[in-house]
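Coordinate analysis (summary)
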Amino acid sequence: MKHRPVLDVSELPTYAFGARSPMWWGTLGFCVLEGTGFALAVGAYLYLAFLNPQWPLSASPPDLIWASLLTAVLLVSVIPNYLAKKYAEAEDLPKTQIYLIVVLVLGLAAIGLRFLEFDRLHVKWDQNAYGSSLWALLGLHMAHIITDVADTAVLLVLMFTRHAHGKRFSDVGDNAFYWNFVVLSWLPIYALLYWGPRL
Amino acid sequence: MRLRPVGILLLVFPLTGCNGWQSALDTHGPGAGSLETLFWIFLGVLATVWILTMLALVASLRTRRRPHADPLSEDPAANRQMTGTVGALVAATAVIVLALTGFSYAYQKRLMGEQDGTLTIKVTGQQWWWQVEYEDPQPSRTFTTANEIHIPVGEPVRLKLESSDVIHSFWVPSLIGKTDNIPGRQNVLELQADREGIYRGQCAEFCGWQHAHMGVLIIAKPKAEFESWRNQQIASASPASDDERKRGEQVFFTSPCIMCHSIRGTSAGGKVGPDLTHVGSRLTLAAGTLQNTRGNLAAWIVDPQRIKPGANMPLIQVEPRDLNALVSYLEGLK
Amino acid sequence: MSEAFAAPDPKELRDHQIGGPELTARLARTWGTKRGLIGALSTVDHKIIGRRYIITAFLFLFLAGLAAVAMRLQLARPESRLIGPDLYNQLFTMHGTTMMFLFAVPVMEAFAVYLVPLMVGTRNIAFPRLNAFSYYVYLFGGLLIWVAFMLNIGADIGWFGYVPLSGPEFSPGKRADIWAQMITFTEVSALAVAVEIVVTVLKQRAPGMTLDRIPLFVWSVFVTSFLIIFAMPAVMIASTFLILDRLIGTHFFNPAEGGDALLWQHLFWFFGHPEVYIIFLPATGMVSAIITTFSRRKTFGYLALVLSLIATGFLSFGLWVHHMFTTGLPQLGASFFTASSMMIAIPNGIQIFCWIATLWDGRPVFRTPLLFVLGFFFIFVAGGLSGLMLASVPLDTQVHDTYFVVAHFHYVLIGGAVFPLLGAVYYWYPKIVGRLMSERIGCWHFWLAFIGFNLAFFPMHITGLMGMPRRVYTYQPEMGWDNLNLLSSVGALIFFFSFVVFLWNTITSARSGSLSGDNPWDAGTLEWATSSPPPPQNFDRIPVVTNREPLWAEREMLPVAAGLSVENRELIVSTVSEARADLREASPEPSIWPLLAAIATGITFISSIFTPWAVVWGSCIVGVMLIGWFWPKGSKEDEE
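Since the model is a prediction, treat every value here as computed from it, not as a measurement.

Tallying the contact residues gives 91 residues for chain B and 96 residues for chain C. When chain B packs against chain C, the two sides together hide about 8200 Å² of surface, and 68% of this comes from carbon and sulfur. Linking chain B with chain C are two salt bridges, by the criterion used here. Ionic pairing is found between B:Arg185 and C:Asp260, a salt bridge with its closest N-O pair at 2.9 Å. Between the two partners, chain B and chain C, sit 26 residue pairs in polar contact (both at pLDDT 80 or more). Among the secondary structure elements, those contributing two or more residues to the side of chain B that touches chain C are helix 1 (3-12), helix 2 (30-62), helix 3 (76-113), strand 7 (179-181), strand 9 (197-202) and helix 8 (304-307) of chain B. Of all the elements, helix 3 of chain B adds the most residues to the side of chain B that touches chain C, at 17 residues. Taken together, the residues that form the side of chain B that touches chain C break down as 51 nonpolar, 28 polar and twelve charged.

Okay, structure coming up:
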């Protein structure tokens, strides 16, 4: 077929931030997918809780201290995360690097706290269905913290190399988006597992 | 059109399948009877819908309108008319769906309504047989049997369905729809037979190797006959009187048989396999797989794995002489 | 000043500077895949990957079909000793599992992967390396379960693996673990493709392709992708819980320790019901495309059809309990699911009526694609209506888990998905291969398939009502089911043979079919605006869309956008609702990392069948592969 040019796209920008970027939508897609997984695991927990006359089963609910510390660390990390995104959108490399470091450190602290949390649980995964679903929910979230912390670390290294320009700033923004999801998805799980049995 | 011979061929099939002793279309109880009626109502409505849809489709293919040279041309009047027609058809679909839902609810209520069976029987699904325990307010009148359930005609019977291993499903289509036997739960099923007879059922949830050979018989008889059968079942096994059966009894008690089977009135108290106290009185063996004859009983004992590969009954070495005696003993447990 | 707005390099060659064959050749070099094994394994071209997906999926169809033939041979006579219970249980499990997880969903995704970028007027699918990765993961999952079957450790628990039968106590060994982990493979693959489709449709449409100009096939796979995103996590959670129960002693499904056997069923069917719509909705998109083209008329009721797709998608999440009507759930709750299961007939009905209306107003062209669509109507509508019977709680108590259900779902799946799929193959084969398939053989194929199918499956409605349960390796002679079973078996053989005829047609047409040219059917959508097969870049210049049927609206000259690079991989990213050209984004080059990452993922998944620690060290290896994948290489595409 013969062509009739009606539009000139040669001056269009080559990348953008936020919802203009396909990668942002891909990240959103993964957040939705993972979020659905969380919702279903929570659903399974609630299903078993309502089925059993007593819940938690043969164990006391987990101690508040480590999880609450973890929650605090995650909530605090939202601030440097937001700043990393803001300075990435302004393409300010030094500031982006600094705030990425802060997020990484807080993320590692979160992982450490999560290990402590697991260690101090009063029930093992193979003791009963309560133990199984408790460990499953915590494990699922732990996997998400680890993957995003790893992603942040790699991105941080990248921002110290010759590749630290252009579209990489958009990648920092998307990573920050995903970290927000990691923090947000924790809050209802925390409420359910720690405060649910205490109400 | 070439669809016609196919259509005629297809019409022959529905006529071949209405009779059978395990058929949802040959019903002998109020439960299954209601369900059969509901089925015919649905079939009538839905078959009509299908035929009308196919006619519309055929008509759409034959219609030759003025040729549109331009596939994108708009005809607002024709569009409006078509929209109206489609709208009406959608509305009709909604009405039919609503009506069928209503019928379904009505029948569901009717079926779930009656919960007044006085005779209570616990049926526990096992891989691959049915444990049947007749309950009674007097503990001395309870008894256990397997794979065959006798009930009085014309009375509702309540079945409590459980499982000791995997999920099974209790289904006797001529009397009622199925309900699952789920480990960790108890489901209740009410059924009633309106006519004397033998009704066959089968496990309807895949449960492993011998799911295909997990049949159950429901035998409905008049109340008086049922009561005499029940009294006979409550009684312990009568001791062997003739020499052949005495020897058979000895074989039974010196073989691994007693590890799994019970015979009330003796020291055999195994709970793993079916209760054999009155096995001689049953019509079938191995959960409806074999007719209860001497030959079949012998074959089953000698090599259960040949008949039901994977069954939990192991191979036991029995001498041919001993086998005959054993079979006589078991046959006499009526 | 953001690099994004940096002025384009004036020395870089752009597509308004050259034209004709020179433009085509240079773009083909830029977008092409290198020859040789490494080139093939590193490709990120959606067309090559799409073709692989299609061929692999049809291979699995054949394997599953052979399993079915074996089953029907066993069931042809009562108490037949051809196949024993162990092999039979493996056969029906492999048949169902392969059909559902390795054929039906992947083949629909495969057509989407191939067609969507062409239909929306872009040069590649979004996240091309992820696309390559997802094919390899799918392939490995399929190999896992079939190699296991060949080694006699095939899964034998049915395609929906109910606990406790599939649990540690009643399914010793690794069979069930292999099955559960295969699910993980295929779900990862499907979820990846779903995200790619969503992003491609939202962000890479040709300028001017507003929401109401998106082809119906694209809408159907777009909606399907959302179903995949919301439904597949359920089966992943379920299969993960099962593996955990079996491997490390958790008690999700163990009633003795607070777990529940029905939890499995809820989780599985929450996925399982949308799953059948994941299979069916793309097929409705194929039906829409074929009817439009072969009626030579624009589709009637475009808006209604789109809304029906969306409504069906939503409703499909509210039906799952109809698979559990006999488990003893509270009657009131179950009744709700009767209503919702019946209600889904309404959007389905809207689609049927709109299609008939399109045919009514058109001038039908009776070629093989339309024949298969007519077969779809005949069979699918019957299946859908038998589904209304199953939707009724009381009726279901008689027909659940019997051959009536087997008849129903084969009518809806074969009628509703396979027949449209076969029509789609005849329809799009010329675009993919460049030659038309034989109409004569196609006619034979259709009638053998139609007659064989109905002969095989219609009698099953009756055997089910006569008391024959599902998943039985044999039955007794006195049941009266023997004649109908024999008939079904004969029909099944004819049906299988029709696929052999189909295979023959695809192979011989590739060599000697008549050349098709760009648009042999005079269709209206964008994939027909480029050559057959399309060049690696899809379009020499990105089209600009002015109508829902671009090629019917612009018959003489195609309006295009100009200004994209010729030497580097560039495509247009547009805005979500109005499709205004927004960015000139770089598209990734071929890479071997997706294959390496898929291998690492495969090793992780397979090892975790045997030890939980594999998840830990396996993830580390996968992590390393992913770093290799995403690390920029300094090429123009990576830096921009």
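There's plenty left to go through after this.
Okay, the confidence of the model for chain B next. Residues and elements named next belong to chain B. Within chain B, residue pLDDT values average 90, and 92% of them lie at 70 or more. Across residues 1-18, where pLDDT falls below 50, the model places 22 contacts with residues more than four positions away in sequence or in other chains. For this predicted complex, the interface confidence score (ipTM) comes to 0.95, while the overall pTM stands at 0.95.

What follows deals with the packing of aromatic side chains. Per the stated rule, a full pass over the model turns up 86 aromatic pairs over all chains. Just above the ring of A:Trp186 sits the side chain of A:Arg114; from NZ or CZ to the centre is 4.5 Å.

Turning next to the side chain of C:His323. Residues and elements named next belong to chain C. With respect to the helices and strands, the residue His323 is situated in the loop between helix 9 (302-315) and helix 10 (331-343). Overall, His323 belongs to the buried group, its relative accessible area being 19%. A distance of 3.1 Å separates a polar atom in the side chain of His323 from a polar atom in the side chain of His322. Not counting residues up to four positions away in its chain, the partners in contact with His323 are Tyr162, Trp269, His273 and His400.

Turning our attention to the pattern of salt bridges. Where side chains of opposite charge bring their charged atoms close, a pairing between them can arise. One pass over the structure, following the stated rule, counts 32 salt bridges over all chains. Residues A:Asp92 and A:Lys95 are paired through a salt bridge, measuring 3.7 Å at the closest nitrogen-oxygen approach. Look at A:Asp92 and you get partly exposed, because its relative accessible area is 23%. Overall, A:Lys95 belongs to the partly exposed group, its relative accessible area being 35%. Several salt bridges share partner residues, and in doing so they unite B:Asp136, B:Arg141, B:Glu155, B:Lys223, B:Glu227 and B:Arg230 into one network.

Parameters and conventions
Residues numbered from 1 in each chain as written. Chains lettered and ligands numbered in written order. Predicted model: local features only at pLDDT ≥ 70, side-chain atom pairs only at ≥ 80, totals over all residues. Heavy atoms only, no water. Contact = heavy atoms within 4.5 Å. Buried area = accessible area lost by both parts, 1.4 Å probe. Salt bridge = Lys/Arg side-chain N within 4 Å of Asp/Glu carboxyl O. Polar contact = N/O pair within 3.5 Å; in protein donor to acceptor, adjacent residues only side chain to side chain. Helix = DSSP H or I, 4+ residues; strand = E, 2+ residues; numbered from the N terminus. Nonpolar A, V, L, I, M, F, W, Y, C, P; charged D, E, K, R; others polar. pLDDT = per-residue confidence, 0-100. Phe/Tyr/Trp six-rings, centres within 6.5 Å; stacked < 30°, edge-to-face > 60°. Lys NZ or Arg CZ within 6 Å of the ring centre and 35° of its normal. Buried < 20%, exposed > 50% of the residue type's maximum accessible area, 1.4 Å probe, protein only.

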